[in-house]
Structure formats: C-alpha cells, structure tokens
Amino acid sequence: MFNATEFIYDGIYSGQYGLKIASFNGSALEETPYVVPSVVVGKSATSKKFHYLDVTYDSPPTYDFSVVSEESIPAEILREILSWLDSRKGFKPLVIMQTGLDELTYNCIFTVSSIIYHAGKCVGLNLSATFDSLYAKGKPIEIVVFGDGNDKEVDLYNGSDNVDEYIYPMVEFDTADGAVSIINVTDDKEREFKFDGVYPNTIYKVDNELKIITGDGNDLLSKFSKKWLRILRGKNHLKVRVNGVVTISCPRYVKISF
C-alpha cells in the first residue's frame with residue numbers, strides 16, 4: 001500500500017504540483033486488490049478428475065488510489081494536472097517513489113474518478129490506474145562477454161516472478177568476423193542462437209521478445225539460425241562464442257502487488 005508517496009508519471013514528477021499518493025485509512029489491517037485469473041480445466045465424461053488447460057485473465061490489473069496536496073490547487077493548475085493524468089492516449093510509464101517500488105517501472109493509464117475538495121477548495125484527485133501487464137519491469141540483469149572466437153561459459157541469473165514462462169532478452173553484439181553463437185545449456189543444448197555472415201565491426205541488436213533485428217545489411221534473418229534466445233527462471237548456464245563483444249540484457253519482471 002501507499003502512504004504519502006510521490007511518483008513520476010510520463011516523465012513528470014508529482015512533487016512539482018505538490019501531489020502525493022495518500023492513504024486515508026487509519027486501520028492497521030488493510031486489503032488491496034489483486035488480479036485473479038480464471039483457471040480453465042477440462043474433464044472427460046469417464047474421468048473422475050479434472051485436468052489443467054490454461055490460466056486466463058479476463059481484464060487487466062487495476063488499482064484505485066488518491067493523490068492529494070497539502071495546499072489548495074488553483075483552477076489553472078488543476079487543468080494542467082488533469083491534462084497530465086486523465087485518460088491519456090496509451091500506456092505511460094509510472095515510477096512510485098517508495099522504498100521497494102522505486103526501482104520498478106509500471107505502464108498504466110490513469111482515469112480521474114472524482115475530485116477531492118476540502119472546505120470548498122480542491123486538494124486532490126481520486127484515480128484509477130489500468131496496467132498493461134501483470135508485471136512491472138525492474139532493472140535488467142546484464143552480462144557482457146568479451147571473446148576471442150573460442151567458447152566462453154558464463155552464468156546469468158533470472159530473478160523474474162513469472163515462474164512458468166521464458167524471458168526473452170535483448171542481445172547486442174559487435175564482432176571481428178561477423179559471427180556469434182549463444183547456447184543456453186540449462187534450457188536446450190541443441191538450441192543455438194547464431195548469426196553468421198553479418199558485417200564485421202558493426203553493432204547489431206536483437207530483441208528476442210519482439211523478434212526484431214536491427215543493424216546494417218539486408219535480409220538479416222537469412223543469416224540467423226532463427227533460434228531466439230530464451231532464459232529460464234533462476235540460474236542459466238550459457239555458452240558464448242564471439243570474436244568481439246556481446247551484451248545480453250535480461251528484463252526483470254515483478255508481479256504487480258501493492
């Protein structure tokens with residue numbers, strides 16, 4: 001939960017308007033919403049047991065809270081605040097300046113549900129946040145490997161909360177011979193992320209999640225093994241071969257909970 005906490009939304013710091021997220025509930029025991037999935041199961045007519053099919057989410061995570069100011073908010077400043085916070089077109093980054101949360105970035109759309117008045121003067125807003133994901137993003141886990149063309153073995157630890165899913169990292173490489181190879185031995189010893197025949201001494205970037213390759217040259221996909229690099233939760237043992245440098249940046253996903 002929040003208590004007198006400032007925040008940054010779409011790059012704008014709430015402190016410039018004197019706004020803080022505030023809790024008005026004085027109870028020591030409180031509850032906050034938590035996104036609940038639907039568990040899909042199946043059962044044959046002759047079976048006495050159900051079997052798992054899937055977990056689905058019917059709606060995105062949402063959270064309601066208030067932002068208030070110690071001073072009254074003039075009408076012209078309120079207009080600025082509403083333009084900044086209310087019903088923006090698209091999800092915007094949110095950072096909450098509270099210990100334990102300030103290293104996480106959420107993507108959300110705020111809607112203003114009501115305006116808070118005290119003694120006839122505006123002092124804040126009630127907001128509802130709709131998030132684009134079940135997860136916030138933390139600081140990526142990054143490893144850099146300098147190689148001479150021989151195999152090097154390195155470990156990458158993925159501490160994300162999505163236990164049963166792969167994480168797909170960003171890979172950036174610059175080689176002397178236009179070739180690079182990465183195998184996540186922990187996942188599959190036969191699955192090789194490999195480029196061969198790209199321009200040497202040129203930076204290439206591969207977004208394995210969005211399946212986007214950027215860098216000089218045409219038809220880069222034909223020079224790629226099409227085995228997108230994927231990372232398991234926990235410790236991953238990687239075998240990397242590069243005559244140059246390769247950087248692997250693994251996003252860290254933290255399940256939303258307040």
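For clarity, every value in this text was computed on a predicted model and none was experimentally measured.

Thresholds applied
Residues numbered from 1 in each chain as written. Predicted model: local features only at pLDDT ≥ 70, side-chain atom pairs only at ≥ 80, totals over all residues. Heavy atoms only, no water. 1 Å grid on protein atoms, 1.4 Å probe; cavity = no way out; pocket = protein on both sides within 12 Å on 5 of 7 lines; lining within 4 Å. Points joined across faces, edges and corners; volume = space filled by probe spheres on them. Helix = DSSP H or I, 4+ residues; strand = E, 2+ residues; numbered from the N terminus. Nonpolar A, V, L, I, M, F, W, Y, C, P; charged D, E, K, R; others polar. Salt bridge = Lys/Arg side-chain N within 4 Å of Asp/Glu carboxyl O. Pairing = 2+ DSSP bridges. Contact = heavy atoms within 4.5 Å. Axes fitted to C-alpha atoms, helices over the stretch in contact; angles between N-to-C directions. Disulfide = S-S within 2.5 Å. Buried < 20%, exposed > 50% of the residue type's maximum accessible area, 1.4 Å probe, protein only. pLDDT = per-residue confidence, 0-100. Arc of directions from axis to C-beta.

1. Quick look at empty space enclosed by the protein
According to the stated counting rule, one finds 1 cavity of 30 Å³ or more in the structure shown. Considering only enclosed or pocket space, the largest cavity measures out at about 50 Å³ in volume. For the largest cavity, the full set of lining residues is Ile182, Asn184, Asp187, Asp188, Arg191, Glu192, Phe193, Lys227, Trp228, Leu229 and Arg230. Elements supplying a minimum of two residues to the lining of the largest cavity: β11 (170-184) and β12 (192-196). Split into classes, the residues belonging to the lining of the largest cavity amount to 4 nonpolar, 1 polar and 6 charged.

2. Considering the pattern of salt bridges
One pass over the full model with this rule turns up 6 salt bridges. A salt bridge links Lys235 to Asp155; the shortest N-O distance between them is 3.7 Å. Taken together, the positions of Lys235 in strand β15 (residues 234-255) and Asp155 in strand β10 (residues 135-158) put the pair 80 residues apart, joining distant regions of the chain. Two residues, Asp187 and Arg230, come together in a salt bridge whose shortest N-O distance is 2.7 Å. With Asp187 in the loop between β11 and β12 and Arg230 in the loop between β14 (212-214) and β15, this pair connects stretches of sequence that are 43 residues apart. Within the structure, one salt-bridge network assembled from shared partners comprises Asp151, Glu192 and Arg241.

3. Quick look at the sheet that holds strand β9 (residues 121-131)
On the basis of which strands lie adjacent, the open sheet formed by 7 strands has the order β2-β1-β7-β8-β9-β6-β3 and antiparallel pairing. Strand pairing shows two members of the sheet lacking a second neighbour, β2 (12-13) and β3 (19-22), which therefore form its edges. Here 4 bridges tie β3 to strand β6 (residues 62-69), and the two strands are oriented antiparallel to one another. Looking at the pairing, Leu19 lines up with Ser69 of β6. On the sheet, helix α1 (residues 75-85) packs against β1 (7-9), β2, β3, β8 (106-118) and β9 and is oriented at approximately 5° with respect to β9.

4. Concerning the state of the cysteines
Taken as a whole, this structure holds 0 disulfides when the rule is applied. Cys108 carries a free sulfur, and the closest cysteine sulfur to it, the one in Cys122, is 20 Å from it. Assessed through its relative accessible area of 0%, Cys108 is described here as buried.

5. Some points on the pairing of β9
The side chains of a regular strand alternate between the sheet's two faces. In terms of burial, β9 is a largely internal element, 8 of the 11 residues being buried. Alignment of β8 against β9, held across 10 bridges, turns out to be antiparallel. Within β9, the residue paired with Val112 across the bridge is Leu127. Here β8 folds back onto β9 in antiparallel fashion, the turn holding 2 residues, of which Ala119 has a positive phi close to 55°.

6. With respect to the confidence of the model for the protein chain
The predicted model of the protein chain has a mean per-residue pLDDT of 89, with 90% of residues at 70 or higher. This stretch, residues 24-30, has a pLDDT under 50; its non-local contacts, to residues over four places away or in other chains, come to 5 contacts.

7. Here's the deal with α1
Listed as buried for α1 are Leu78, Ile81, Trp84 and Leu85. Buried residues of α1, viewed axially, fall in a sector of 120°; they line one side. Of the exposed residues in α1, those oriented more than 90 degrees away from the buried face are Ala75, Glu76, Arg79 and Ser83. Where the residues of α1 are buried, they touch β1, β2, β3, β8 and β9. Positioned one or two residues after α1, Ser87 has a phi angle of 55°, which is positive.

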